[in-house]
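Residue-level listing of the chains:
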Amino acid sequence: MYKVKISLIALAIAGIQLNAEAQRKTVNQRVDSVMRLMTLDEKIGQLNQYSGREVTGPLVKQNANMLNDIRQGKVGSMLNVQGVQNTRHVQEEAMRSRLKIPLLFGMDVIHGYKTIFPVPLAESATWDMDLIRLSAHIAAKEAAAVGLHWTFAPMVDVARDPRWGRIMEGAGEDTYLGNDIARARVLGFQGDKLGGLDAVMACAKHFAAYGAVSSGRDYNDVEMSEHQLWETYLPPFKAAVDAGAATFMSSFNTLNGVPTAASNYLQRDILKGQWKYSGFVVSDWGSIDQMIKWGYVPDKKQAALKAIISGCDMDMMSYSYIEHLKELVNTKQVSIKLIDDAVKRILAKKFELGLFDDPYRFCNEEREKAELNNPEHVKATLKVAQRSIVLLKNEASILPIQNSFKKIAVIGPLADSKRDMQGAWAGANDADRVVTLLSGLKQKIGNGVQITYTKGSTIKTNDTTGFAEAVKVAKDADLVIMALGEAYDQSGESRSRADIGLPGSQDQLFSAVQATGKPVVAVLMAGRPLIFSNIAAKANAILYAWFLGDQAGNAIADVLTGAVNPSGKLPVTFPRSVGQIPLTYNDYKTGHPYNSNVFQYQTGYIDVPNAPRYAFGHGLSYTTFKYSDLKLDRSTMRKNGKITASLTLTNTGTRAGEEVVQMYIHDPVASVVQPTKKLKGYGKVALEPGASTTIVFIINAETLSFYNQQLKWDAEPGKFKVMIGSASDDIKLQADIELQ
Ligand code: GLC
């Protein structure tokens, strides 16, 4: 019976593979059948993408030409057309074209369409791939329900510079965690197979290394070694390919002097060559003709030439392809083969989405109404928000709020702000849906507790006129909760900041309130790590609440009152000073290792410690955990072998809680110097008080590998240190192993 069972499973797997292969063949055959009918104009049309704001909004009259182009088959895709009625209307225009090739509708559905989830950096603090996948799945369900086929997400750019506003869109600083989150988000958006009416195409962006822009300034240049590109910045994109990402988007930055939309190395050599990628690449908005401004090409024709030759398949809103490709082909500067390859990639996705069978299959008004008001989505965004919150400090366990506090003062410009809770890239958000901290707390905290509120200051200005009222309210309270941070539009695209402290007069407001001597809990909200030395030193407790989306207030209130035990861990380092940036946990010993007891001749500064304010992986709980009994089933292994490391985790506190157990590896001697630690495993574990569990990590050659000087991913024989911890700066157990 057992053998029969295995063979049945094997048959089933073979069947699935055969089926997938057969489907691929069918799609390719159907694509070829359409290609044979297409004129050069119609082929180039498929490579052209317009923004929909111009054809369905108030500007539709001034842009009648766009609708004409659509009718003439000169447009392959639209972005920002949203709503079943609008997408149906524009698709109908495309159905007037000669070959009736359906349009693709795309939009930036980054952390929710109508139900807004925490910003991606916040979600990354959950270290919970199922939850991250669920969030993307719900975003996809709502997007597909309004007629969209494609989201320009996930942003998988590793980001180690919090001055860069777009750090909020990604998964933080770490490649290993970023790989897992890239995979979870792609699978969340796309499901297991494209074509479901609850799924949309994903778009891995921005390819590549956009998170490493010089000085954290958006749109800037990126200069980096190939080694660092492969070791740190490319792996999450490869993870997206392996997860089946349907599309890629190139980026606004240059990589070592070449605009990425014109990078043959990235788009053809690596993505379509080494990685054998079969999807298509869309440029970022206008980035093809921006090559002129970069000084890379003299004119738009050359921009179109460089981009198509180097593997950029679709032109987002620069008109370069629609204006110049025909001439470039007719003058034999561009081979029709390149055009055909790009068109085939795009048509294949339209077939996989079922749009040739029914161009309106995503246009269903009943589904739109149901999905956009689905209460399950609200529950899900609350759960993600609760688990995104990071408890940075909790002096004398002042949190959760004790019943002894009868008068609570809520102070700060973010305490009752709806729109700010949704962060940037908030899809088709409805700010009225937002529960603010103040309203969440009022709902959560029962009778007998008086809550007072005053804004105290604005977010951005240096106005101090509200301070007196704030001090008065604080003096009259037993506990003060301060909601401080950035406005939603101070992070995101084109929102880099040179000073990442609290904007405006908020730090002074904190000092004025803290001077009353009342205990202060700081709830900080932002789309990036902020620098808040004063608050870090003087607040009794600090919650980092990022931008948590529609259910922000309920989630924060649940954590403040103890209904939820915080379990978030930082996916990014919080520096003490801007001068430390870029600062990551995986730094190097150097030849002059940092030693706080030695004043000089060491790597570091004479005025600031090397250590961050809060380290990657840091996050406290209302309970405590004990790490013990680290055991290895062997301490040496060969390349084709593995080592099983196990440890016991015990909840030694008085309440249930979750812990993210992290495994870091250090390779002390290697042909390319290795950082002091690299995350190579983690697990999130829930434990009741007093309960214990065994955590197991498998260590194999992949775990120990890095890109060597020949850019080969390989593990080298030698000793390694295995470190198990609660944070990158809180190692609890360690052991030595050897690769022979
Ligand atoms: C923007 C962004 C990109 C986005 C695109 C479409 O400029 O860089 O992330 O997907 O344009 O809105």
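Being a predicted model, the structure only gives us computed values, none of them experimental.

Asker: Break down the overall build of the protein chain for me, with residues and values.
Answerer: Helices and strands together make up the secondary structure of the protein chain, namely 23 helices and 27 strands. Taken over the C-alpha trace, the protein chain has a radius of gyration of 27 Å; the compact-globule value for 740 residues is 27 Å, and the two agree within 12%. With the principal axes as the frame, the protein chain shows a C-alpha extent of 75 × 65 × 65 Å. Here the protein chain, with 740 residues, has 60% of them falling under the buried criterion. Expressed as a percentage of contacts within the protein chain between residues at least 6 apart in sequence, the contacts between residues at least 24 apart total 78%. Computed over 83 positive and 76 negative side-chain charges, the separation of the two mean positions in the protein chain equals 3 Å.

Asker: Which residues make up unusual backbone geometry, and what values do they have?
Answerer: Residue His206 is bonded to the preceding Lys205 through a cis peptide linkage, with omega at -5 degrees. Secondary-structure assignment places His206 in strand 5 (residues 203–207). Despite not being glycine, Asp629 shows a phi value in the positive range, around 55 degrees. One can find Asp629 in strand 18 (residues 625–632).

Asker: Before we move on, could you go through helix 14 (residues 320–330) and cite the residues and values that matter?
Answerer: Since there are 3.6 residues in each turn of an α-helix, residues three or four apart along the chain are aligned in direction. Buried within helix 14 we find Ser320, Tyr321, His324, Leu325, Leu328 and Val329. One side of helix 14 holds all its buried residues, which, seen down the axis, span an arc of 140 degrees. In the core, the buried residues of helix 14 are packed alongside helix 2 (40–46), helix 13 (300–309), strand 11 (315–316) and helix 15 (336–352).

Asker: For the domain arrangement of the protein chain, give the residues involved together with the corresponding values.
Answerer: Each domain of the protein chain was delimited in the assignment, giving domain 1 (1–105 + 338–370), domain 2 (378–580) and domain 3 (625–739). The C-alpha centroid of domain 3 is placed 34 Å from the C-alpha centroid of domain 2. Counting from both sides, the interface comprises 6 residues of domain 2 and, opposite them, 9 residues of domain 3. With both sides pooled, the region where domain 2 packs onto domain 3 buries about 650 Å², and carbon together with sulfur makes up 33% of that total. Inspection of the domain 2/domain 3 interface yields 2 salt bridges. For the salt bridge of Glu658 with Arg387, the shortest nitrogen-to-oxygen distance reads 2.6 Å. The tally of links from domain 2 across to domain 3 stands at 6 residue pairs in polar contact (both at pLDDT 80 or more). Of the residues contributing to the side of domain 2 that touches domain 3, the split by class is 1 nonpolar, 3 polar and 2 charged.

Parameters and conventions
- The residue numbering used here restarts from 1 in each chain and proceeds along that chain's sequence as written.
- Selection of residues for local features in this predicted model requires a pLDDT of at least 70, selection of side-chain atom pairs for listing and counting requires 80 or more, and totals for whole chains, interfaces and linings are taken over all residues.
- Neither water nor hydrogens contribute to the side-chain values; these are computed over all heavy atoms in the structure.
- Put simply, DSSP marks the helices as runs of H or I at least four residues long and the strands as runs of E at least two long, and each gets a number from the N terminus on.
- All radius of gyration figures rest on C-alpha atoms, and the globule criterion is 2.2 Å times the number of residues raised to 0.38.
- For every residue, the accessible area (1.4 Å probe, protein chains only) is compared with the maximum for its type, and the residue is labelled buried under 20%, exposed over 50%, or partly exposed between those bounds.
- Contact definition: two residues touch when any of their heavy atoms are within 4.5 Å.
- In this tally Asp and Glu are treated as negative and Lys and Arg as positive; neither His nor the chain ends contributes.
- The atoms used to mark charge sites are NZ of Lys, CZ of Arg, CG of Asp and CD of Glu.
- The directions considered for the arc run from the helix axis to the C-beta atoms.
- How far each domain reaches was decided by an automatic or database domain assignment.
- A 1.4 Å probe defines the accessible area here, and the buried area is the portion of it lost by two parts on being joined, summed over both.
- For this analysis, a salt bridge means a side-chain nitrogen from Lys or Arg found within 4 Å of a carboxyl oxygen belonging to Asp or Glu.
- Two N or O atoms form a polar contact when they lie within 3.5 Å of each other; inside protein one atom must be a possible hydrogen donor and the other a possible acceptor, and for residues adjacent in sequence the pair counts only when both atoms belong to side chains.
- Residues are grouped as follows: Ala, Val, Leu, Ile, Met, Phe, Trp, Tyr, Cys and Pro are nonpolar; Asp, Glu, Lys and Arg are charged; all remaining types, including Gly, are polar.

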